[in-house]
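Analysis of the macromolecular model
One letter stands for each residue in the lines below.
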Amino acid sequence: MSPSIYIKTSQAMTVCWKSCLYENVVSIRPSKTIRGYSTIRWVIMKTEIIHASEIQHALEILQSGGIVAFPTDTVYGLGALAFDNTAIESIYKAKDRPIEKAIPILIADMDDLNKVADAERVPRMARIFASRFWPGPLTCILPKKRTLPLAVSATATIAVRIPDHADTRALL
């Protein structure tokens with residue numbers, strides 16, 4: 001369980017910023033206010049900056065169950081291997097993300113789509129849109145392959161896209 005501290009509401013940003021500077025990666029979320037104090041929950045993780053040329057090291061981190069932050073064409077993402085339930089749960093914890101909010105899956109190319117989506121139930125129009133707009137910022141909601149961990153999506157669908165960023169696709 002993440003530690004909680006109580007601080008004055010007006011001081012929350014200062015404490016959060018200092019924690020980010022001194023404690024590596026920190027996921028900080030104000031959760032509630034009690035008598036003028038905010039409860040702050042954080043997750044402290046080891047941070048290692050890896051240059052894009054050291055992609056093999058990032059792959060090793062992912063394969064050992066770690067999570068990696070990386071650029072995409074739209075935002076920076078926090079990722080893990082889609083079939084590693086424990087690593088996926090680490091993303092939820094690091095981002096303080098509600099379990100009901102599914103994790104989108106990034107794939108490297110159209111061939112990877114069949115690894116995460118139920119190929120027989122992917123609509124024809126979704127394949128047409130994907131072939132036209134991928135790689136790029138189009139996210140398709142598709143039927144989930146049954147072998148994906150529940151942590152990725154608690155529903156029967158998943159969000160999938162191919163980012164338009166060469167280094168990210170190499171990582172995937």
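Residues numbered from 1 in each chain as written. Predicted model: local features only at pLDDT ≥ 70, side-chain atom pairs only at ≥ 80, totals over all residues. Heavy atoms only, no water.

Digging into the overall build of the protein chain
When you go through the protein chain residue by residue, the secondary structure sums to 6 helices and 8 strands. Counting from the amino terminus, the protein chain carries its helices and strands in the arrangement β-α-β-β-α-β-β-α-β-α-α-β-β-α. Out of the 172 residues in the protein chain, the part that is buried amounts to 36%. For the protein chain, long-range pairs separated by at least 24 residues make up 51% of all intrachain contacts whose partners lie at least 6 apart in sequence. Looking at the protein chain as shown, the accessible area adds up to about 10,700 Å², and 57% of this sits on carbon and sulfur atoms. (Helix = DSSP H or I, 4+ residues; strand = E, 2+ residues; numbered from the N terminus. Buried < 20%, exposed > 50% of the residue type's maximum accessible area, 1.4 Å probe, protein only. Contact = heavy atoms within 4.5 Å. Areas by Shrake-Rupley, 256 points an atom, 1.4 Å probe, with all protein chains shown as cover.)

A few points about the environment of Q56
With respect to the element layout, Q56 can be found in helix α2 (residues 55-63). On a C-alpha basis, the gap between Q56 and L171 in space is 8.3 Å, while along the polypeptide they are 115 residues apart.

Quick notes on the side chain of S153
Examined against the element boundaries, S153 turns out to sit in the loop between β7 (140-143) and β8 (157-161). Filtering out sequence-adjacent residues up to four positions away, S153 remains in contact with A102, K144 and I158.

Section: the nonpolar core
Nonpolar side chains in soluble globular proteins tend to end up buried together. Counting residues in hydrophobic clusters, the biggest one holds 26 residues, and the most contacted among them are I105, I107, W134, L142, I158 and V160. Only α3 (85-95), α4 (113-116), α5 (124-133), β7 and β8 provide two or more residues apiece to this core. Looking at which element gives the most residues to this core, the answer is α3, with 5 residues. Ignoring sequence-local partners within four residues, the contact set of W134 consists of I107, M110, L113, F129, C140, V160, R161 and I162. (Core = buried A, V, L, I, M, F, W, Y, C linked by side-chain atoms within 4.5 Å.)

Some details on the sheet that holds β7
Spatial strand order, β6-β8-β7: 3 strands in an open sheet with mixed pairing. Only two strands of the sheet have a single partner each, and these edge strands are β6 (105-106) and β7. Taken together, the 4 bridges between β7 and β8 define a ladder with antiparallel strand orientation. By the bridge assignment, L142 is partnered in β8 with I158. (Pairing = 2+ DSSP bridges.)

Let's talk about α2
Three- or four-residue spacings in an α-helix give side chains the same orientation, since the helix completes a turn every 3.6 residues. For α2, every residue scored as buried is listed here: A58, I61 and L62. Each buried residue of α2 lies within a common arc of 100° when the element is viewed along its axis, so the set occupies one face. Here the buried face of α2 lies against β4 (68-71), β5 (76-79) and α6 (166-171). One or two residues past the end of α2 sits G65, with phi positive at roughly 95°. (Arc of directions from axis to C-beta.)

Comments concerning the pattern of salt bridges
The final tally for this structure, using the stated rule, is 4 salt bridges. D73 is paired through a salt bridge with R161; the nearest N and O atoms lie 3.0 Å apart. Placement of the pair is D73 in the loop between β4 and β5 and R161 in strand β8, with a sequence separation of 88 residues. Between R169 and D164 there is a salt bridge, with its nearest N and O atoms 3.8 Å apart. Relative accessible area serves as the criterion here: at 25%, R169 is assigned to the partly exposed category. (Salt bridge = Lys/Arg side-chain N within 4 Å of Asp/Glu carboxyl O.)

Side note on the environment of T74
Summarising the element assignment, T74 is placed in the loop between β4 and β5. T74 sits 90 residues away from D164 along the chain, and the two C-alpha atoms are 8.5 Å apart. In this structure the side chain of T74 is engaged in a polar contact, spanning 3.0 Å, whose partner is the side chain of R161. (Polar contact = N/O pair within 3.5 Å; in protein donor to acceptor, adjacent residues only side chain to side chain.)

Describing the packing of aromatic side chains
Applying the stated criterion across every chain, the model contains 1 aromatic pair. Ring plane angle 20° and centroid distance 6.2 Å describe the contact between F129 and F133, whose orientation is recorded as stacked. Taken together, the residues F129 and F133, both in helix α5 and 4 residues apart, mark about one turn of the helix. For F133, a relative accessible area of 39% translates into the label partly exposed. (Phe/Tyr/Trp six-rings, centres within 6.5 Å; stacked < 30°, edge-to-face > 60°.)

Geometric descriptors of this kind do not, in isolation, establish any biological role.
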